[in-house]
Amino acid sequence: MTPPRIGVVGSANVDLVARCEALPRPGETVMASSLARLPGGKGANQAAALAALGAEVTFVGCVGADESGDWILSGLAARGVDVARAVRRDVATGTALIAVDASGENLIVVAPGANDALTPEALDLAGLDLVLCQLEVPVAVVEAVVARATATVLNRAPARALPPETLAGCRAIVANEHETRSLPLAELAHVVVTRGAEGASRLERGTEVAHAGSPRVTPVDTVGAGDVFCAAYALGLAEGWDLDETLRFAVAAGALATLAPGAQGSLPTRKEVEACLDAS
Ligand code: RIB
């Protein structure tokens, strides 16, 4: 069987990651123990995660015509992601300011930069069997993806408003508990809610129809774990797996992604996820 060709339409960022004992509260200043510059962005992370899982993956996004843009695209290409459809604009590459505490919990602020310069006209979705997208690019881009792609999986992160027909046009929507709150769940046939250490659930029109618990792990860094979950879930849908199996696989992949620093620092292979499931 020819493997499905999966597209990821989304953001690419430079992640500036400060590690600290505890995350700052509003108005508080805390001291970091380290600072790192790492590749990130939900779109780029999801594309890299799909490649690590063995998928044929194409990244469609926008980076700056700067050194950061070169660095991000060459990093994705080195991981086996097709970046030929990515566009470059004379705007700074997106940047994410990230703090990670001693338990691996994080907070993130994204300055979108070139991600905001992606347009529907720049999208080339030819030959893609399924497209995975998120909301760190303009809403008009996501609307165009849903209207034009063969099938779309939307990771509703960050939680931004979308027209009802766009939400209804998705094959599946993946969101964390916060991102789920403002969704019209009763109208949506396939929503997956990620619950961190509690695993994830699949909802049909607002009713939970499946749940998968998470394998026990000791997280080092939770940044990007949701992206790996989305990549694994999209892979299962693209390959036509059983939905409960897809949920279990995605939960295990997300858990394994927390075991090293950086959004792309711990991307599991398909064999590693399967071994984790066999052991749990
Ligand atoms: O999901 C994690 C990602 O969110 C980070 O890599 C950061 O760039 C932000 O986009």
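For the structure, check the block above.
Throughout what follows, the structure given in this document is the object of discussion. (Residues numbered from 1 in each chain as written. Predicted model: local features only at pLDDT ≥ 70, side-chain atom pairs only at ≥ 80, totals over all residues. Heavy atoms only, no water.)

A closer look at the site of the ligand
Lining the immediate surroundings of the ligand are 14 residues, of which Asp15, Gly41, Lys42, Glu136 and Asp227 lie closest. A distance of 2.9 Å is found between an oxygen atom of the ligand and a side-chain nitrogen or oxygen belonging to lysine 42. Relative to its unbound accessible surface of 280 Å², the ligand loses 97% to contact with the protein. Every element with two or more residues in the shell around the ligand is listed here: strand E2 (13-20), helix H1 (42-52) and strand E8 (106-111). Of the residues that constitute the shell around the ligand, the class distribution is five nonpolar, five polar and four charged. (Near = heavy atom within 4 Å. Polar contact = N/O pair within 3.5 Å; in protein donor to acceptor, adjacent residues only side chain to side chain. Areas by Shrake-Rupley, 256 points an atom, 1.4 Å probe, with all protein chains shown as cover. Helix = DSSP H or I, 4+ residues; strand = E, 2+ residues; numbered from the N terminus. Nonpolar A, V, L, I, M, F, W, Y, C, P; charged D, E, K, R; others polar.)

Describing the pattern of salt bridges
Between side chains of opposite charge, a pair can form as their charged atoms come close. All chains considered together, the criterion is met by twelve salt bridges. Across the pair aspartate 124 and arginine 85 runs a salt bridge, and its minimum N-O distance is 3.6 Å. Of the two residues, aspartate 124 sits in the loop between E8 and strand E9 (130-133) while arginine 85 sits in the loop between helix H2 (67-78) and strand E6 (87-89), which places them 39 residues apart along the sequence. For aspartate 124, a relative accessible area of 35% translates into the label partly exposed. Where arginine 202 meets glutamate 204, a salt bridge forms, and the shortest distance between an N and an O atom there is 3.0 Å. On the basis of relative accessible area, arginine 202 is assigned to the buried category, the value being 7%. (Salt bridge = Lys/Arg side-chain N within 4 Å of Asp/Glu carboxyl O. Buried < 20%, exposed > 50% of the residue type's maximum accessible area, 1.4 Å probe, protein only.)

Quick notes on the sheet that holds strand E11 (residues 172-176)
On the basis of which strands lie adjacent, the open sheet formed by eight strands has the order E4-E1-E9-E10-E11-E12-E13-E14 and mixed pairing. Each having just a single partner strand, strand E4 (56-60) and strand E14 (207-212) make up the two edges of the open sheet. On average, each strand axis in the sheet is inclined to that of its neighbour by 20 degrees, with strand direction left out of account. As defined by bridge partners, strand E1 (residues 5-9) adjoins E9 across four bridges and the pair is classed as parallel. Within the sheet, the bridge partner assigned to valine 8 lies in E9 and is leucine 132. Its contacts with the sheet place helix H6 (residues 225-238) against E1, E9, strand E10 (152-155), E11, strand E12 (191-194) and strand E13 (200-204), and it is angled at close to 165 degrees to E9. (Pairing = 2+ DSSP bridges. Axes fitted to C-alpha atoms, helices over the stretch in contact; angles between N-to-C directions. Contact = heavy atoms within 4.5 Å.)

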